[in-house]
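Next come the chains, spelled out residue by residue.
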Amino acid sequence: MSALLAAAGSLEPAARSYLSPTGQEIVFLLVGALVLGAAVVSVTTRRLVHAALWLVVALGGLAVEFLLLTAEFVAWVQVLVYLGSVVVLVLFGLMLTRAPIGSSPDADSGNRPAALAVGVASAATLVTLVVDAFRSSWIDLSGPVGTTRLTGEFLFSHWVLPFEALSVLLLAALVGAIVLSRTKGDRTKPRPGNLRTALTKTKER
Amino acid sequence: MHLAYPAVLAVLLFSVGVYGVLARRNVVLVLMSVELMLNAVNLNLVAFDVWLRDTLHAGQALTLFTITVAAAEIGLGLAIVLLVYRTRRTAAVDLVTALGDRHEADVPADAAEEKEQAAA
C-alpha cells in the first residue's frame, strides 16, 4: 500500500505548485488582471462610449486567454464576432439612442448599492466554491489540443445538426431584427426634419 | 496550468456582469454587461474542455454556439432598444414601465376613495 502511495505520489510532478508558476500561468494572470480591470471600468464608467471601448479591451484580452488555453479557432472567432461586430453594434446602438459623448451623471440607476452587494456576494460565494473544488486540478496543455484542423473535424463530424440548427436561428434573428426595425408601411413620406423645413422656408422666401 | 485560474477569472467576470446588469440605467450598457456574463461562461467552457480532454470537444463546440447565439441576441436586442427609443424617446430601463405594477405611492388617492364609496 505504501509503495502504491509512493508511486502515486511520484506521478505528481514537483513543478506543480502555486509557488512556482509556469510562464503560461504568469501570462494568463497578467492578461486576466487586464481583462478584469477593463471589465470593471466598463461597468462603472460614466462615459457611455468609453464603456464600449473598454469592453473591446476586455473581450480582446479574453481572446488571448482562449489562445493560452489552446483554443485557437475560438480565439479568432471571438476577435471576429465580438470585436468585429458586437462592439460595433453596441456603438451604433449608443449613437442611435443619442447617448451623450461626455460624462453622463445618470448612467447608474438608484439601486447601485444593492447591485454592488449582489455582485460582491455572488463573487465571494462562487470564488470560495470554485477554489475549494478545483484546488488540486491541473490542465495539461501539451500536445495538439485545439488546433483549427481539429476544431473543423469535430465540428463537422459530431456537431453538424446543432450547427445547421444555429444557422436557422441566425436566419430567424435576422428576419426578426428586420421586422422589428422596419417602420410602418403607410407612412412612406419622411417627416420633414430641420434641414427640410429650413430649405422649404428659404424657397418660399 | 492550474484550473483554478481560469475558473476564478470567469467567476469574477460573471460577477462584474451581474453588477453591471443591475446597476446600469442605459439599456445598451445593460446589454454590454450581458455580453460580459456570456464571455465568462465561454471562458469556463474552454477551460473545462481542455481540462477534460473531451474527444467530442463539447466545450469548444458549445463556445462557438454561444458566440453565435450572443451575436443573434445583441442584434435582436438592439432592434428592440431602437424600437423602444423611437416610441418612448428614452433608453433608460427604469423609465420603461408600461408593463410593470404601479407603485403604491403612484396610485391616485381619488381612486381609493371612489372604491371605498362604491363599497359603502
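These numbers come from a predicted model, not from an experiment. Here the residue numbers are simple positions, counted from 1 along each chain's written sequence. Labels are handed out in written order, letters beginning with A for the chains and numbers beginning with 1 for the ligands. Reporting of local features is limited, given that this is a predicted model, to residues whose pLDDT is at least 70; pairs of side-chain atoms are given and counted only at 80 or more, and all residues count toward the totals for whole chains, interfaces and linings.

Asks: Residue-level account of the domain arrangement of chain A, with values.
Replies: All names here are of chain A. As assigned here, chain A comprises domain 1 (20-103) and domain 2 (143-181). Note that the domain bounds reflect an automated or database-derived domain assignment. The straight-line distance from the C-alpha centre of domain 1 to that of domain 2 is 22 Å. Residue-level contacts link four residues of domain 1 with five residues of domain 2. Amino acids outside the nonpolar list (Ala, Val, Leu, Ile, Met, Phe, Trp, Tyr, Cys, Pro) and the charged list (Asp, Glu, Lys, Arg) are all regarded as polar, and Gly is one of them. Grouping the amino acids of the side of domain 1 that touches domain 2 by side-chain chemistry returns two nonpolar, one polar and one charged. With C-beta atoms placed from the backbone, a contact is any residue pair whose C-beta atoms sit within 7 Å.

Asks: If you had to explain helix α2 (residues 23-44) of chain A to someone new, which residues and values would you point to?
Replies: Secondary structure elements follow DSSP: runs of H or I no shorter than four residues count as helices, runs of E no shorter than two count as strands, and numbering proceeds from the N terminus. To estimate the expected span of a helix, count its residues, drop one, and scale the result by 1.5 Å. If you check α2 of chain A, its first and last C-alpha atoms are 32 Å apart, about what 22 residues at 1.5 Å a residue would give, namely 32 Å. Taken together, the buried positions of α2 of chain A are occupied by F28, G32, V35, A38, A39, S42 and V43 of chain A. Angular distribution of buried residues about the axis of α2 of chain A spans 135°; they occupy a single face of the element. When the buried face of α2 of chain A is taken as reference, the exposed residues oriented beyond 90 degrees from it are G23, I26, L30 and A33 of chain A. Considering only its buried residues, α2 of chain A is in contact with α3 (48-68) of chain A together with α1 (4-23) and α2 (27-52) of chain B. The burial criterion counts other C-beta atoms lying within 10 Å of a residue's C-beta, which is placed from the backbone; the residue is buried at 20 or more, exposed at 12 or fewer, and partly exposed between these limits. Each direction from the helix axis to a C-beta atom contributes to the arc, which is the arc of those directions.

Asks: Now, about the interface of chain B and chain A: what can you tell me, with residues and values included?
Replies: Residue-level contacts link 59 residues of chain B with 76 residues of chain A. Of all the secondary-structure elements, those providing two or more residues to the side of chain B that touches chain A are α1, α2 and α3 (58-88) of chain B. Ranked by the residues each element gives to the side of chain B that touches chain A, the list is headed by α3 of chain B, at 20 residues. When the residues that make up the side of chain B that touches chain A are grouped by side-chain class, the tally is 44 nonpolar, eleven polar and four charged.

Asks: Hey, could you go over the packing of α3 of chain A against α2 of chain B for me, with residue numbers and the actual values?
Replies: Look at α3 of chain A against α2 of chain B: their axes get within 11 Å of each other, and the N-to-C directions meet at 5°. Relative to α2 of chain B, α3 of chain A is oriented roughly parallel. Only L29, M32, L36, N39, L43 and V46 of chain B of α2 of chain B make contact with α3 of chain A, whose side of the interface consists of L48, A51, A52, L55, A58, L59, L62, E65 and F66 of chain A. Between the N-to-C directions of two axes lies an angle of 0 to 180 degrees, each axis being a line fitted to C-alpha atoms and, for a helix, fitted only over the stretch in contact. Oblique is the label for every angle not falling under 35 degrees (roughly parallel), over 145 degrees (roughly antiparallel), or within 65 to 115 degrees (roughly perpendicular).

Asks: Let's hear about unusual backbone geometry: which residues, and what values?
Replies: For R98 of chain A, which is not glycine, the phi dihedral falls at a positive 55°. Among the secondary structure elements, R98 of chain A is positioned in the loop between α4 (72-96) and α5 (112-133). The phi torsion at R89 of chain B lies on the positive side, around 60°, for a residue other than glycine. A count of 10 C-beta atoms within 10 Å places R89 of chain B in the exposed class.

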